[in-house]
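# Chains, contacts and geometry: an overview
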Amino acid sequence: GILIVATKNKGKVREFEHAFAPLGLTVKSMYDYPDLPDVVEDGATFAENAFKKSKAVGDALGIPVLADDSGLCVDALDGGPGVYSARYAGENAGDDENNLKLLSELEKLKQGEDTGQPLLSTARFVCTLSLYDPSSGRELTAEGTVEGWITSEPAGGGGFGYDPLFYLAEFEKTMAELTLEEKQRISHRGTALRLLTEKLAAADDL
Ligand code: ITT
């Protein structure tokens, strides 16, 4: 079977492919449906934005669609960039620019004081999944989080987005230094996916 995920984020696509391959599901992303209009993500919460994406694409295609809205919430930045994580350094900013912007915002807060300490703030990744079935109009959601620190010393070539700056004390590694399997086991997305699968199994239908 196939599973449509309403995303243009190649890092997410890789993680969903890895998660669903054992279930015999092939993941299709928005790269397989280039004619669908972009969804405007102007919701105030991850849950709102996830539903906007699953509903728009699900209604357009007439079959169930999964969407993921996620981001990084940094305590020293009062929870930012949060829902603005993808466009923190500007509308078309890439991962490198967003990572530089994050470090510069956190350096600013130190006000010249240099502690020599690479761990700049506690933070968490949040992932909200929305699975929407246009034939019933029903939606299932699940949220996952993972706690860590923002480090001024980026490391690792795995993952995507803010992963090189997200330090996990229990691994003494950044998220980008974990294998895909390890990330899936502990990540916000892995946790949300396991929860969604449980909810789906418990529901009679979607
Ligand atoms: P779609 O909306 O097309 O799915 P997007 O990249 O715009 O792609 P979001 O609006 O959900 O997705 O923004 C999430 C941003 O948060 C993403 O661009 C990353 O910068 C960051 N992010 C989310 N999950 C992450 C992860 O597992 N590792 C690192 N950064 C992550």
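Residues numbered from 1 in each chain as written. Predicted model: local features only at pLDDT ≥ 70, side-chain atom pairs only at ≥ 80, totals over all residues.

### Some points on the overall build of the protein
Put simply, the rule reads: Helix and strand definitions here come from DSSP, where helices need a minimum of 4 consecutive H or I residues and strands a minimum of 2 consecutive E residues; each element is numbered from the N-terminal end. C-alpha atoms define the radius of gyration in this analysis, and the globule rule sets the expected value at 2.2 Å times the number of residues to the power 0.38. For the exposure call, what matters is how many other C-beta atoms sit within 10 Å of a residue's own: 20 or more marks it buried, 12 or fewer exposed, and in between partly exposed, using C-beta atoms placed from the backbone.
Each helix and strand counted, the protein has five helices and eight strands in total. Reading the secondary structure of the protein in the N-to-C direction produces β-α-β-α-β-β-α-β-β-β-β-α-α. Computed over the C-alpha atoms, the radius of gyration of the protein is 17 Å, within 12% of the 17 Å expected from 2.2 N^0.38 for a compact globule of 206 residues. Expressed as a percentage of the 206 residues in the protein, the buried residues total 34%.

### Structural notes on the nonpolar core
Put simply, the rule reads: We call a set of buried Ala, Val, Leu, Ile, Met, Phe, Trp, Tyr and Cys residues a nonpolar core when their C-beta atoms link them within 7 Å. Here, residues touch in the contact sense if the C-beta positions derived from the backbone fall within 7 Å of one another.
Membership of the largest hydrophobic core comes to 40 residues, with the highest contact counts inside it found for Val 5, Val 65, Leu 66, Leu 129, Ile 150 and Phe 166. Counting residues per element, the ones that place at least two in this core are β1 (2-5), α1 (10-20), α2 (46-61), β3 (65-74), β5 (119-133), β6 (138-151), β7 (166-168) and α5 (188-202). Per-element accounting of this core gives the leading share, eight residues, to β5. When near neighbours in sequence (up to four residues on either side) are disregarded, Leu 129 contacts Ala 50, Leu 66, Asp 68, Thr 141, Ala 142, Ala 192, Leu 193 and Leu 196.

### Quick notes on the site of the ligand
Note the following rule: Nearness here has a simple definition: the residue's C-beta atom, placed using the backbone, must lie within 6 Å of the molecule or strand. Note on residue categories: nonpolar means Ala, Val, Leu, Ile, Met, Phe, Trp, Tyr, Cys or Pro, charged means Asp, Glu, Lys or Arg, and polar means any other residue, Gly included.
Surrounding the ligand, one finds 21 residues, the nearest of these being Thr 7, Asn 9, Ser 85, Ala 86 and Gly 161. It is β3 that provides the largest number of residues to the shell around the ligand, a total of five residues. Among the residues making up the shell around the ligand, the classes are represented as five nonpolar, nine polar and seven charged.

### Points about α5
How we decide: Each helix should span, by expectation, one fewer than its residue count multiplied by 1.5 Å.
The terminal C-alpha atoms of α5, which comprises 15 residues, lie 21 Å apart, in line with the 21 Å expected from a rise of 1.5 Å per residue. Listing the buried residues of α5 in full gives His 188, Arg 189, Gly 190, Ala 192, Leu 193 and Leu 196. Check the buried side of α5 and you find it contacts α1, β3, β5, β6 and α4 (180-186).

### Comments concerning the UniProt feature "binding site: Mg(2+)" (unreviewed entry) in the protein
Rules: UniProt positions are given in the numbering used here, feature names are shortened, and annotations may be inferred rather than shown by experiment.
Those residues carrying the UniProt feature "binding site: Mg(2+)" (unreviewed entry) are Asp 69 in this numbering. In this structure, Asp 69 sits in strand β3. Among residues more than four places away in sequence, those in contact with Asp 69 are Phe 46, Asn 49, Ala 50, Lys 53 and Thr 128.

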